Amino acid sequence: MSKLGQVVESVEKYNKFVLDQVKRARTDEKFGRELLGRWNDVKAKIPVTRTPTGLPLPRLALPEIDEPGEIARYLFGEGLPGEFPYLNAAYREMYLEPVREIESFEKDKAVVAGVSPARGSKERPTRPPLQEEPTRLFSGLMLAEDTNERFHYLTRHQRTHRLSTAFDGPTLYGIDSDADGVFGKIGEGGVAIDTVEDMVQLYDGFDLGSPNFSASMTISGPAPIIMAMYIAAAKRRFGPKVVPKLRGTIQADIFKEVQAQNETIFPIEPSLRFLTDMVEFTTHEMPRWYPISISGYHIGEAGSTPVQQAAYTLSNGFAYAEMFAGRGISVDQFGPRLSFFLDCGLDAEYIALARVSRRIWAIGMRDVFGAGPKAQLLKLHTQTSGRSLIAAEFKNNLTRTAAELVLAYMNATNSCHSNSADEPFTTPSEEWIRLAAHGQAILLEESGIFKHTMNMLSGSPGMKAVERAVEAAILDEFREIERLGGVLAAVEERYQRSQIQNAAHRYEQQIYNGTRPIIGLNRYRDGGEEIPEVKLVRTPRSKQQLQVDRLAKFKEKNAEKAKRALDKLAAVADSGENVFPALLETAEVCSLGQITGRLQEVVGRFRPMV
């Protein structure tokens, strides 16, 4: 039995344990009294906060139960926020305003009225620092300086800078901008990055070592090379001591590329080896960096059902955990550095998809991999569904995204990106991307849905029904992958890919036959609607030529050093040693395409499986 099969058994065993605890609480009076005492103690210690209108609310909402069996079901089956099995949240408090800011409505009224503190008091009306915003803004267009300008625009009104970077097609495939046939793709759909000099320019003006800055890079096939360039760029600007301070994420998920997105440049086994090399280095040298974002978003965008998305993402995660442990890295070292990425659409499953995923991951990591509490946490980035955005009457996309944001925050996501309404047509314009960011700000800051009370929308009978159904369906998917021999064997059989394709076909059929309503497309459509005039964001040919010219100068300047560095890299790759330290040296003087090409000479190119 593989680790995934053991995960299925561990979840089933844990569910039986919960039922046993419920029965015990109802038959063992002493145990029941202990649980009731703990429950009452927890409730008694919950601070009371007040809304701007003066309404008192508990900082944490708990179900109104006093029967020991139901208390046991809640504490063991769900857990308080920040407690195993983390169904309700990975952390004790998320999104909440600091309690001191609103703890005394009477004090606030006095301050507003101009009443001074009591004589002799040193108290002053202060606003304590807020938690880091969960909003993560995503951008990538044209050349490095253009994306840098967009980054500064997006972060103008943020306390913390959490940037996600989209790369253009050539970069995603590890190809240089001067390669044959790619000129027209330079800077399209993402930023063109060929060299460490581009990387320096991309994040110019941001303090990469600051605790208030993090960078996320959405790239997988050439992720170790891009990661090496990011480190090299940071060292150029801030010196070598900045490396342990660097904070962020790089996607680096090879399994989802093979299953859904297709941007794979090396064969699967060398790809996984280079990924593990990077994880080993960053785990030891960069304690604040997440070296892999295990991504279901692209699986969902490729057409999977929500359950398939969660099941394949979690099973991929367990496969990576097994692989990293096999390298000899401690689970309590790499476990806290894993992150996850799911989309959030409008299907009913999304009411609880992330909650259930968090629970399954925690149980599997604890009971199968022996992970400690920090490595049990599924830390999640959510992006609203790009697939749900419709070109027809596209302003409706604002409403779709808003509804998806509510679902994402109901699931206690750790960070979130909201898509722009104009994305069916083009790279988002400043107007629409600002509205997308404001959607999150309205939800988190203007509304009171999430900022006063944890669990504000959790635990309804409907949500519990969805949780049970989703967990059972995910475990069924795990069993099928286990039957095929595990994740890698299932990938080689094209199992995940074929299931995603079948689901995508059903989805489109449902749209066309009307069983899946899409407002403005197949229902309530304005027959007189004209195609809107949307300004397309395109990279001018002059900028594309500028990128090619820059690359030529870089290659000419570093020609001799590049040859030596590439020879050393090839020797290390051929020897089976960890290639990442050599990549760090090579990234200083070689382009992305040069590095990719030389490694392909050693390990080969990816060929799609038939």
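Just so you know, these numbers come straight off a predicted model, no measurement behind them.

1. Details of the overall build of the protein
And then number 1: Assigned secondary structure in the protein consists of 25 helices and 11 strands.
And then number 2: Relative to the 2.2 N^0.38 estimate, which gives 25 Å for 610 residues, the radius of gyration of the protein is 25 Å and therefore close to what a compact globule would have.
And then number 3: Reported as C-alpha extents along the three principal axes, the dimensions of the protein are approximately 75 × 65 × 60 Å.
And then number 4: Put simply, the protein has 610 residues, and 55% of those count as buried.
And then number 5: Restricting to contacts in the protein with at least 6 residues of sequence separation, those with at least 24 account for 78%.
And then number 6: Total accessible area computed for the protein in this model is approximately 26400 Å², and 52% of it derives from carbon and sulfur atoms.
And then number 7: Averaging the locations of the 75 positively and 79 negatively charged side chains of the protein gives two centres separated by 5 Å.

2. Here we look at the sheet that holds strand S6 (residues 248-250)
And then number 1: Taking strand neighbours across the sheet as the criterion, the 5 strands line up as S3-S4-S5-S6-S7 in an open arrangement whose pairing is parallel. A strand with exactly one partner marks an edge of an open sheet, and here the two such strands are strand S3 (137-139) and strand S7 (289-290).
And then number 2: By the bridge criterion, 3 bridges tie strand S5 (residues 213-218) to S6 in an arrangement that is parallel. Each residue of the ladder has a partner; that of Met 217, found in S6, is Ile 250.
And then number 3: Strand contacts of helix H6 (residues 144-154): S3 and strand S4 (161-166), with the helix running at about 160° to S3, the strand carrying the most contacts.
And then number 4: The strands that helix H9 (residues 223-238) touches are S5, S6 and S7; relative to S5, the one it contacts most, it runs at about 150°.

3. Brief notes about helix H19 (residues 461-483)
And then number 1: A rise of 1.5 Å per residue sets the reference length of H19, with its 23 residues, at 33 Å; its end C-alpha atoms lie 34 Å apart and thus fit the reference within 8%.
And then number 2: Inspection of H19 places Met 463, Lys 464, Val 466, Glu 467, Val 470, Glu 471, Ile 474, Leu 475, Glu 477, Phe 478 and Ile 481 among the buried residues, and these make up the whole buried set.
And then number 3: The inward-facing, buried residues of H19 abut helix H1 (3-27), helix H13 (306-326), helix H15 (353-367), helix H17 (397-410), helix H20 (487-492) and helix H21 (495-513).
And then number 4: Count one or two residues on from H19 and you reach Gly 485, which has phi positive near 110°.

4. Notes on the side chain of Thr 313
And then number 1: With respect to the secondary-structure elements, Thr 313 resides in helix H13.
And then number 2: From its side chain, Thr 313 meets the backbone nitrogen of Gly 296 in a polar contact 3.4 Å long.
And then number 3: Ignoring any residue separated from it by four or fewer positions in sequence, one finds Thr 313 in contact with Ile 294, Ser 295, Gly 296, Ile 299, Phe 340 and Leu 342.

5. A look at the state of the cysteines
Linking two cysteines covalently via their sulfur atoms produces the bond known as a disulfide.
And then number 1: A complete count under the given rule lists 0 disulfides for this structure.
And then number 2: Among the cysteines around Cys 344, which has no disulfide bond, Cys 416 carries the closest sulfur, lying 7.6 Å off.
And then number 3: Cys 344 sits in the buried class, given a relative accessible area of 4%.
And then number 4: Accessibility expressed as a relative area gives 0% for Cys 416, which makes it buried.

6. Here we look at the sheet that holds strand S11 (residues 415-417)
And then number 1: Strand order in the open sheet formed by 4 strands is S8-S9-S10-S11, and the pairing between neighbours is parallel. The open sheet is flanked by strand S8 (292-295) and S11, the only strands paired with a single partner. Neighbour to neighbour, the strand axes of the sheet diverge by 25° on average, direction disregarded.
And then number 2: Note: strand S9 (residues 338-344) against strand S10 (residues 380-384), 5 bridges, orientation parallel. In the strand pairing of S10, Leu 342 is matched with Thr 382.

7. Quick notes on unusual backbone geometry
And then number 1: Along the chain, Phe 84 connects to Pro 85 via a cis peptide bond; the corresponding omega equals 5°.
And then number 2: In this model, Ala 412 sits at a positive phi of 60°, which is unusual for a non-glycine residue.
And then number 3: Among the structural elements, Ala 412 can be located in the loop between H17 and S11.
And then number 4: Positive phi, normally seen in glycine, also occurs at Arg 494, with a value near 60°.
And then number 5: The partly exposed category is assigned to Arg 494, whose relative accessible area is 26%.

8. A closer look at the packing of H13 against H15
And then number 1: Close contact between H13 and H15 brings their axes to 11 Å; oriented N to C, the two are set at 25°. Judged on the interaxial angle alone, H15 and H13 are roughly parallel. With respect to the hand of their crossing, H13 and H15 are arranged in right-handed fashion. Between H13 and H15, the residues in contact are Pro 306, Val 307, Ala 310, Leu 314, Gly 317, Phe 318 and Ala 321 and Leu 353, Ser 357, Ile 360, Trp 361, Gly 364 and Met 365, respectively.
And then number 2: In terms of residue class, the contact of H13 with H15 is built from 10 nonpolar, 3 polar and no charged.

9. Describing the nonpolar core
The tendency in soluble globular proteins is for nonpolar side chains to be buried side by side.
And then number 1: In this structure, Tyr 230 and Phe 478 are the most contacted members of the largest nonpolar core, which totals 155 residues.
And then number 2: Of the residues forming this core, the biggest block, 11 residues, is contributed by H9.
And then number 3: Look past the residues within four positions of Phe 478 in its chain and what remains in contact with it is Leu 4, Val 7, Val 8, Ala 311, Leu 314, Ser 315, Phe 318 and Ile 360.

10. Quick look at the pattern of salt bridges
And then number 1: Here the structure, examined in full by the defined rule, presents 35 salt bridges.
And then number 2: For the salt bridge of Arg 38 with Glu 83, the shortest nitrogen-to-oxygen distance reads 2.8 Å. Separated by 45 residues along the polypeptide, Arg 38 in helix H2 (residues 29-44) and Glu 83 in the loop between helix H3 (68-77) and helix H4 (99-102) bring together distant segments of the chain.
And then number 3: On the accessibility criterion, Glu 83 (32% relative accessible area) is partly exposed.
And then number 4: Salt-bridge contacts for Glu 588 lead to Arg 236; the nearest nitrogen and oxygen are separated by 3.2 Å. In this pair, Glu 588 is assigned in the loop between helix H24 (580-586) and helix H25 (592-603) and Arg 236 in helix H9, connecting sequence segments 352 residues apart.

11. Thoughts on the packing of H13 against H19
And then number 1: Interaxial distance between H13 and H19 falls to 9 Å at its minimum, and their mutual angle equals 55°. Classified by the angle between their axes, H13 and H19 sit oblique to one another. The crossing of H13 and H19 is right-handed. Here H13 contributes Val 307, Gln 308, Ala 310, Ala 311, Tyr 312, Leu 314, Ser 315 and Phe 318 to the contact with H19, which in turn contributes Ala 473, Ile 474, Glu 477, Phe 478 and Ile 481.
And then number 2: Classifying every residue of the contact of H13 with H19 by side-chain character gives 10 nonpolar, 2 polar and 1 charged.

Here is what the cut-offs are and how they apply
- Residues numbered from 1 in each chain as written.
- Predicted model: local features only at pLDDT ≥ 70, side-chain atom pairs only at ≥ 80, totals over all residues.
- Heavy atoms only, no water.
- Helix = DSSP H or I, 4+ residues; strand = E, 2+ residues; numbered from the N terminus.
- Rg over C-alpha atoms; globule rule 2.2 N^0.38 Å.
- Buried < 20%, exposed > 50% of the residue type's maximum accessible area, 1.4 Å probe, protein only.
- Contact = heavy atoms within 4.5 Å.
- Areas by Shrake-Rupley, 256 points an atom, 1.4 Å probe, with all protein chains shown as cover.
- Lys, Arg positive; Asp, Glu negative; His and termini not counted.
- Charge placed at Lys NZ, Arg CZ, Asp CG, Glu CD.
- Pairing = 2+ DSSP bridges.
- Axes fitted to C-alpha atoms, helices over the stretch in contact; angles between N-to-C directions.
- Expected span 1.5 Å × (residues − 1).
- Polar contact = N/O pair within 3.5 Å; in protein donor to acceptor, adjacent residues only side chain to side chain.
- Disulfide = S-S within 2.5 Å.
- Parallel < 35°, antiparallel > 145°, perpendicular 65-115°, else oblique.
- Left-handed = near helix turned anticlockwise from the far one by under 90°.
- Nonpolar A, V, L, I, M, F, W, Y, C, P; charged D, E, K, R; others polar.
- Core = buried A, V, L, I, M, F, W, Y, C linked by side-chain atoms within 4.5 Å.
- Salt bridge = Lys/Arg side-chain N within 4 Å of Asp/Glu carboxyl O.

Spatial relationships are all this shows, so hold off on functional conclusions.
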